[in-house]
2 protein chains.
Amino acid sequence: MRYKAGYKEGKRRELLSVSGKVAKRDGFAATGVDTLMKAAGATSGAFYSHFPSKSDLFKALIQNELTASRTLLAGAPEENLRDWIAGEMNRYLSLGHVRHPELGCALPSLAAEIGRSPPDVRRVFEAELLETQRILAERLGGDGKAWALLSQMAGAILIARALSEETTQVALLDACKAFLTEALTGKNGSPPERTIG
Amino acid sequence: MRYKAGYKEGKRRELLSVSGKVAKRDGFAATGVDTLMKAAGATSGAFYSHFPSKSDLFKALIQNELTASRTLLAGAPEENLRDWIAGEMNRYLSLGHVRHPELGCALPSLAAEIGRSPPDVRRVFEAELLETQRILAERLGGDGKAWALLSQMAGAILIARALSEETTQVALLDACKAFLTEALTGKNGSPPERTIG
DNA sequence: GTCTATAGGCTGATAGAC
DNA sequence: GTCTATCAGCCTATAGAC
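Now for a look at the structure at hand.

## A few points about the protein's contact with DNA strand C
Phase 1 of the analysis: In the neighbourhood of DNA strand C, 20 residues make up the surrounding shell, with Val33(A), Tyr48(A), Lys54(A), Lys8(B) and His50(B) lying closest.
Phase 2 of the analysis: Val33(A) places a polar main-chain atom, nitrogen or oxygen, 2.5 Å from a phosphate oxygen of DNA strand C.
Phase 3 of the analysis: At 2.9 Å from a phosphate oxygen of DNA strand C is found a main-chain nitrogen or oxygen belonging to Thr43(B).
Phase 4 of the analysis: Those elements that place two or more of their residues in the surface near DNA strand C are α2 (33–39) of chain A together with α1 (7–26) and α3 (44–47) of chain B.
Phase 5 of the analysis: The element best represented in the surface near DNA strand C is α1(B), accounting for three residues.
Phase 6 of the analysis: Grouping the amino acids of the surface near DNA strand C by side-chain chemistry returns six nonpolar, nine polar and five charged.

Below, the structure is given as structure tokens:
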């Protein structure tokens, strides 16, 4: 064979990673196959030897992105609960996350498009998100707290990105940090950092 | 003149209303001008006598949608705070809202697209949202509570729509209702209704 | 003010050379 | 496995008839 064994698998991984970044930044439907492939250093013709259709890429990409986010979230489990919550809050509800969707969570970037996608896409999304929710619920000590935390964090980044002024973005982020910290750990929790611009 | 005075203004309002619905359901960028106009009983040629460009329609549509949502939210101010919060929660965090984006709030449907739009679009969004946040903050007695409530409610509908199973959607909605009710009114608030499918 | 027709560019996907 | 070339269809926006 003209290509090494394992080449295709590595290239597929690269396609997933690169097109995930572009999709989170510019939207999945709004970005053409040719553009996605150009970002990975190839052409649209090559794409179809890796995925049967653009929609199949979307499913694989969702799985890849949510798994990566979950790994990030599941890290640092040794600390106590309050410190872990404060740390995750400062990481997720940051201006850096608002400014760099390509490096961030898929929920604020792609959830609206997933909601408009066929059931097979949404099933992949649900399976992956439920796994994240399960881990969160275990740490927080409650299923409901996990859903609430996920919803508010994703919603905060979603709205902050749509805002025009950085001062307003910071006000929203800091408000959500304070609200969630108090609701999840009680008034005595160590206060979250102020967002640094 | 062959058309009545005031006709154009009325038609413009109809265009805003109809294209708002379609955009919230199918996405704004994903829907062509011709499709938007067909939904309003006209053709793409006529569109450009009402709006200079599709992007200008987006700005007008955002203004129209957020103003309508704010009017809905600002209603029923006579009750006490806890009843009002419970009522708004049951209205916004409902399966009907999940299932019918065309009739619902623009935030879960369009915020991601607004975030990818040029500054002039985001400025319109920010001005309108700040007015809603101001009213909410007054009622809740705190700027931060308003941002947190907006973020979690929008995030909850955003994520619920991307889920596949109705039981999971209901679990998420009920969790957010309970979480927000407790965080905003304390444990003694009357419990929110369970979501009815 | 609305219509049809059109321009130029983008899209997802396929065919065949290498 | 990747390339170029191509198809049919959609997009935003404009021109000219009525």
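## Digging into helix α5 (residues 81–92) of chain B
Think of an α-helix as turning once every 3.6 residues; residues three or four places apart then point the same way.
All names here are of chain B.
Phase 1 of the analysis: With 12 residues, α5 extends 16 Å from end C-alpha to end C-alpha; this agrees with the ideal 16 Å at 1.5 Å per step.
Phase 2 of the analysis: Of all the positions in α5, only Trp84, Ile85, Ala86, Glu88, Met89, Asn90 and Tyr92 are classed as buried.
Phase 3 of the analysis: Buried residues along α5 sit against α4 (54–74), α6 (95–99), α7 (106–115), α8 (119–140), α9 (143–162) and α10 (166–185).
Phase 4 of the analysis: Its side-chain oxygen at 3.0 Å from the backbone nitrogen of Arg82, Asn80 defines the N-terminal cap of α5.

## What about the packing of aromatic side chains?
Two aromatic rings are characterised by how far apart their centres lie and by the angle between their planes.
Residue and element names in this part refer to chain A.
Phase 1 of the analysis: Applying the stated rule across the entire model yields six aromatic pairs over all chains.
Phase 2 of the analysis: With centroids separated by 4.8 Å and ring planes inclined at 85°, the aromatic side chains of Phe47 and Tyr48 adopt a geometry described as edge-to-face.
Phase 3 of the analysis: Taking the relative accessible area as the measure of exposure, Phe47 reaches 2% and is therefore buried.
Phase 4 of the analysis: Aromatic ring contacts, followed pair by pair, group Phe47, Tyr48 and Phe51 into a single cluster.
Phase 5 of the analysis: Its guanidinium or amino end placed over the ring of Phe28, Lys54 lies 4.6 Å from that ring's centre, counting from NZ or CZ.

## What about the interface of chain B and chain A?
Phase 1 of the analysis: Taken together, the contact pairs 47 residues of chain B with 47 residues of chain A.
Phase 2 of the analysis: Where chain B abuts chain A, roughly 3500 Å² becomes buried across the two surfaces, and 69% of that area is made up of carbon and sulfur atoms.
Phase 3 of the analysis: Counting every contact that joins chain B to chain A gives zero salt bridges.
Phase 4 of the analysis: Where chain B touches chain A, the interface holds 13 residue pairs in polar contact (both at pLDDT 80 or more).
Phase 5 of the analysis: Looking at the side of chain B that touches chain A, the elements with two or more residues in it are α1, α7, α8, α9 and α10 of chain B.
Phase 6 of the analysis: For the side of chain B that touches chain A, the element with the highest residue contribution is α9(B), accounting for 13 residues.
Phase 7 of the analysis: Residue classes in the side of chain B that touches chain A are distributed as 28 nonpolar, nine polar and 10 charged.

## Description of the relation of the copies chain B and chain A
Mapping between the two copies of the chain is achieved by a rotation about an axis and a shift along the axis.
Phase 1 of the analysis: Rotating chain B by 180° and translating it 0.0 Å along the rotation axis places it on chain A, where the RMSD comes to 0.0 Å. Here the symmetry operator amounts to a two-fold rotation axis.
Phase 2 of the analysis: A high fraction, 100%, of the interface residues of chain B reappear at the interface in chain A, so the copies pair face to face through one surface.

## So, the protein's contact with DNA strand D
Phase 1 of the analysis: The full set close to DNA strand D counts 21 residues, and Tyr7(A), Thr43(A), His50(A), Val33(B) and Lys54(B) are the nearest of them.
Phase 2 of the analysis: In the interface set of DNA strand D, defined as its atoms within 4 Å of the protein, sugar plus phosphate atoms amount to 75%.
Phase 3 of the analysis: Take Thr43(A): an N or O atom from its main chain is 2.9 Å from a phosphate oxygen of DNA strand D.
Phase 4 of the analysis: His50(A) places a side-chain nitrogen or oxygen 2.7 Å from a phosphate oxygen of DNA strand D.
Phase 5 of the analysis: Going through the elements one at a time, α1 (7–26) and α3 (44–47) of chain A together with α2 (33–39) and α3 of chain B are the ones with two or more residues in the surface near DNA strand D.
Phase 6 of the analysis: Looking at which element gives the most residues to the surface near DNA strand D, the answer is α1(A), with three residues.
Phase 7 of the analysis: Class assignment for the residues of the surface near DNA strand D results in six nonpolar, 10 polar and five charged.

## Some remarks on the side chain of Glu113(A)
Phase 1 of the analysis: For Glu113(A), the location among the structural elements is in helix α7 (residues 106–115).
Phase 2 of the analysis: Despite being buried, Glu113(A) has no salt bridge partner; Arg116(B) is the closest side chain of opposite charge, sitting 4.3 Å away.

Quick notes on the rules
- Residues numbered from 1 in each chain as written.
- Chains lettered and ligands numbered in written order.
- Predicted model: local features only at pLDDT ≥ 70, side-chain atom pairs only at ≥ 80, totals over all residues.
- Heavy atoms only, no water.
- Near = heavy atom within 4 Å.
- Polar contact = N/O pair within 3.5 Å; in protein donor to acceptor, adjacent residues only side chain to side chain.
- Helix = DSSP H or I, 4+ residues; strand = E, 2+ residues; numbered from the N terminus.
- Nonpolar A, V, L, I, M, F, W, Y, C, P; charged D, E, K, R; others polar.
- Expected span 1.5 Å × (residues − 1).
- Buried < 20%, exposed > 50% of the residue type's maximum accessible area, 1.4 Å probe, protein only.
- Contact = heavy atoms within 4.5 Å.
- Phe/Tyr/Trp six-rings, centres within 6.5 Å; stacked < 30°, edge-to-face > 60°.
- Lys NZ or Arg CZ within 6 Å of the ring centre and 35° of its normal.
- Buried area = accessible area lost by both parts, 1.4 Å probe.
- Salt bridge = Lys/Arg side-chain N within 4 Å of Asp/Glu carboxyl O.
- Least-squares fit on C-alpha atoms with pLDDT ≥ 70 in both.
- Lys, Arg positive; Asp, Glu negative; His and termini not counted.

Function cannot be read off these values alone, since they describe shape.
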